[in-house]
Amino acid sequence: MGATILPDLGAEILIPFCAVVGIVFSLLQWVYVSRVQLSPARDSNSNSAAKNGYNDYLIEEEEGVNDTNVVQKCAEIQNAISEGATSFLYTEYKYVGAFMVAFAVLIFVFLGSVEGFSTSSHTCAYDETKICKPALATAIFSTISFLLGAITSVVSGFLGMKIATYANARTTLEARKGVGKAFIVAFRSGAVMGFLLAANGLLVLYIVILVFKMYYGEDWGGLFESITGYGLGGSSMALFGRVGGGIYTKAADVGADLVGKVERNIPEDDPRNPAVIADNVGDNVGDIAGMGSDLFGSYAESSCAALVVASISSFGINHELTAMLYPLIVSSIGIIVCLITTLFATDFFEIKAVKEIEPALKKQLIISTVLMTIGVAIVTWISVPSSFTIFNFGTQKVVKNWQLFLCVCVGLWAGLIIGFVTEYYTSNAYSPVQDVADSCRTGAATNIIFGLALGYKSVIIPIFAIAVSIFVSFSFAAMYGIAVAALGMLSTIATGLAIDAYGPISDNAGGIAEMAGMSHRIRERTDALDAAGNTTAAIGKGFAIGSAALVSLALFGAFVSRAGIATVDVLTPKVFIGLIVGAMLPYWFSAMTMKSVGSAALKMVEEVRRQFNTIPGLMEGTAKPDYATCVKISTDASIKEMIPPGALVMLTPLIVGIFFGVETLSGVLAGSLVSGVQIAISASNTGGAWDNAKKYIEAGASEHARTLGPKGSDPHKAAVIGDTVGDPLKDTSGPSLNILIKLMAVESLVFAPFFATHGGLLFKL
């Protein structure tokens, strides 16, 4: 089979080295962001300081607003947002922590019972000549890796939220110096989150493998089977983070928009609106903490899927460590590539005008993809033998290293295509969104019809891209090919997350500018940053959904191998009923999440109306609204409402596996994958298009947009209604669906030995 050029020691040094570089780089970006002062103290010796270059660049743009007051106000608002987000996440994690412990016990009991909690070793399933560790060991180590994955996921989300709430007001203050300065602060803070998450995920996974290896020794099949718990932990936390955060943010957003903009005709983020703090808190807990945990889950699962398949292939059987760690080496190089890419946005080129923002973010995607292609070529050449075999449903398939390189590249470039198609359908620079905006002339109904049509149409090209990448990667390297294609799509995760987290930070910055009463010119700058951020958030969701499709297919393949199913025959009734039920699950799940947002928004609307009607002087701006009550409504609603959708996803594989067996479960997984991807893409893009159609009318940047505006006109009100309908689609149901697809697959994989031994009770009667 041939040895690898990179020795085992080289791989053992390279992976932690790249992870540490990523962590150091993110801390360096954080230091840069923290240099923006939030205390007006430096201003104390008035005019003498002004001449020393502190105040002169503000060009007196505040138009009579005292500078010290503005900085102080920004600091206060930032504090309120940060406190709200922190207290919500603490509450959420309390509930999620209890679930985590209960589920860990379940993993231990189910997997331990496969061999009746026996502690004696047995012959390996894939190689009769070798002795493997007992199932009890798999149970213990799977439980440990589940808890580690869950904790890493929670920490990733929490750190992301902390960084975003730290940077939002700093972005607002930098906007006084120009749009370029504000862009750099927002982008650097996004990079802090992106690199911390990518590096932490890689480092923890690598350490877990090393520690488990001490016990497992030669039994690599058992070792990597127990590692799958890491992916399960990561994704189960992401599910609650995404659903809980999504319900929180959209209840506040819908409530604030409907009463504030449509009924009271006050601008977005107006400090008189009681739901405005809850809305800004929501951006951080939903779009940042939720997105962070979600992409971490995808990354952990695609690594686990690739490792499981490789452990029963020639890499695992011959104990070739460097080749075995290939998925981690790809991710390590990804961190270095993203680091170089980030410098293009922050150091090599400076943004001087509003129109340069979106191209700069798009260049990030292109540069990282091109550099990563070169990186993958080098890594594949040095760390994989020129020829090897991959386990392919009972047979060993011979694969060449250049074929493996193509598998990773197909995923990498499919991600870029999905990103650009998403951008085309959701950015107001192109005709699809402009058509949606134009349809607002005749009211909200035509706006909704156009928006839905756009969402359905936007599914076509991404699905072809996913289909091509599945066909190519499976033809070359079976299920391992699909797993590394998913890793290819996620290899530039640090850059993807940086441009994704940039959006909510800019959104918050605009809110803070409005609440602090800064001049309209500053609000225009933050709005420009935010509109670009909206599109990049849609691109991020496209990546998350595309990678989820590939990841769950790879996990599905690993599950079928683990459960010992020779073929999945759609024509057998057992499998077909699973297919139909599986295809229904995303609809059931979406119904739950949409209804949750609706009922929470209902309470919010009533509360905001009550405050406007009963607090004297609120509309005049002489009295302060009661922000805390609105924050509490969002928190209570999201905690209560995230449990049923979460339970649906977590319990379905268990119930199907135990009562109907592995064949039916394989049908359920395939069905949910096929229908979930379509709904997720269309929901995210429909919502994104409605949001940007509204922003297109508000900005009034073109002749066409000015005929539809200004704010408060009938077309604008129709656009606001479309945006409000799209909110739960793009920020709650759509993004949570990709977790549903992955989570059910990884959970089935973890419990596969139990289902294969004890499952299918109803068919045994």
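Residues numbered from 1 in each chain as written. Predicted model: local features only at pLDDT ≥ 70, side-chain atom pairs only at ≥ 80, totals over all residues. Heavy atoms only, no water.

### With respect to the overall build of the protein chain
Scanning the protein chain from N- to C-terminus turns up 23 helices and four strands. Relative to the 2.2 N^0.38 estimate, which gives 27 Å for 765 residues, the radius of gyration of the protein chain is 26 Å and therefore close to what a compact globule would have. Residues classed as buried in the protein chain amount to 64% of the 765 residues present. Summed over all atoms, the accessible surface of the protein chain reaches about 25,900 Å², with 67% contributed by carbon and sulfur. Each charge sign in the protein chain was given a centre, from 48 positive and 60 negative side chains, and these centres are 1 Å apart. (Helix = DSSP H or I, 4+ residues; strand = E, 2+ residues; numbered from the N terminus. Rg over C-alpha atoms; globule rule 2.2 N^0.38 Å. Buried < 20%, exposed > 50% of the residue type's maximum accessible area, 1.4 Å probe, protein only. Areas by Shrake-Rupley, 256 points an atom, 1.4 Å probe, with all protein chains shown as cover. Lys, Arg positive; Asp, Glu negative; His and termini not counted. Charge placed at Lys NZ, Arg CZ, Asp CG, Glu CD.)

### Focus: the pairing of strand S4 (residues 395–400)
Pairing geometry for strand S3 (residues 387–392) and S4, over six bridges, is antiparallel. In the sheet register, Phe-391 faces S4, and the bridge partner there is Gln-396. Connecting the antiparallel pair S3 and S4 is a turn made up of two residues, with Phe-393 showing a positive phi of about 45°. (Pairing = 2+ DSSP bridges.)

### Section: the pairing of S3
Most of S3 is tucked away: six of the six residues are buried. Neither face of S3 is left uncovered, since the one carrying Ser-387, Thr-389 and Phe-391 and the one carrying Phe-388, Ile-390 and Asn-392 both have all their residues buried.

### Notes on the packing of aromatic side chains
This structure, assessed with the given rule, holds 29 aromatic pairs. Taking the centre distance of 4.4 Å and the plane angle of 20° together, the rings of Phe-110 and Phe-754 count as stacked. Taken together, the residues span a long stretch of sequence, with Phe-110 in helix H3 (residues 67–112) and Phe-754 in helix H22 (residues 714–758) at a distance of 644 residues. Each member of the pair, Phe-110 as well as Phe-754, carries the same accessibility label: buried. Ring centres of Phe-751 and Phe-755 lie 6.1 Å apart, and the angle between their planes is 40°; this geometry places the pair in the tilted category. Of this pair, Phe-751 and Phe-755 both sit in helix H22, four residues apart, which is roughly one turn of the helix. Accessibility expressed as a relative area gives 0% for Phe-751, which makes it buried. Overall, Phe-755 belongs to the buried group, its relative accessible area being 2%. Of note, Arg-170 hangs over the ring of Tyr-166, and the distance from its end group to the ring centre comes to 3.9 Å. Cation over ring: Arg-188 sits above Tyr-32, and NZ or CZ is 4.3 Å from the ring centre. (Phe/Tyr/Trp six-rings, centres within 6.5 Å; stacked < 30°, edge-to-face > 60°. Lys NZ or Arg CZ within 6 Å of the ring centre and 35° of its normal.)

### Concerning the environment of Val-36
Note that Val-36 resides in the loop between helix H1 (8–34) and helix H2 (46–51). On the accessibility criterion, Val-36 (11% relative accessible area) is buried. Taking the C-alpha atoms as reference points, Val-36 and Ala-169, separated by 133 residues in sequence, lie 9.5 Å from one another.

### A few points about the packing of helix H6 (residues 220–263) against helix H18 (residues 573–614)
One can describe the packing of H6 onto H18 by two numbers: an axis separation of 8 Å at closest approach and a directional angle of 40°. Between H6 and H18, the interaxial angle falls into the category oblique. Considering only the axes of H6 and H18, their crossing is right-handed. Of the residues in H18, those in contact with Leu-239, Val-243, Ile-247, Lys-250, Ala-251, Ala-252, Val-254, Gly-255, Leu-258, Val-259 and Glu-263 of H6 are Phe-589, Thr-593, Ser-596, Val-597, Ala-600, Ala-601, Met-604, Val-605, Val-608, Arg-609 and Phe-612. Broken down by class, the residue content of the contact of H6 with H18 amounts to 16 nonpolar, three polar and three charged. (Axes fitted to C-alpha atoms, helices over the stretch in contact; angles between N-to-C directions. Parallel < 35°, antiparallel > 145°, perpendicular 65-115°, else oblique. Left-handed = near helix turned anticlockwise from the far one by under 90°. Contact = heavy atoms within 4.5 Å. Nonpolar A, V, L, I, M, F, W, Y, C, P; charged D, E, K, R; others polar.)

Honestly, that's just the spatial picture; any functional story needs more than this.
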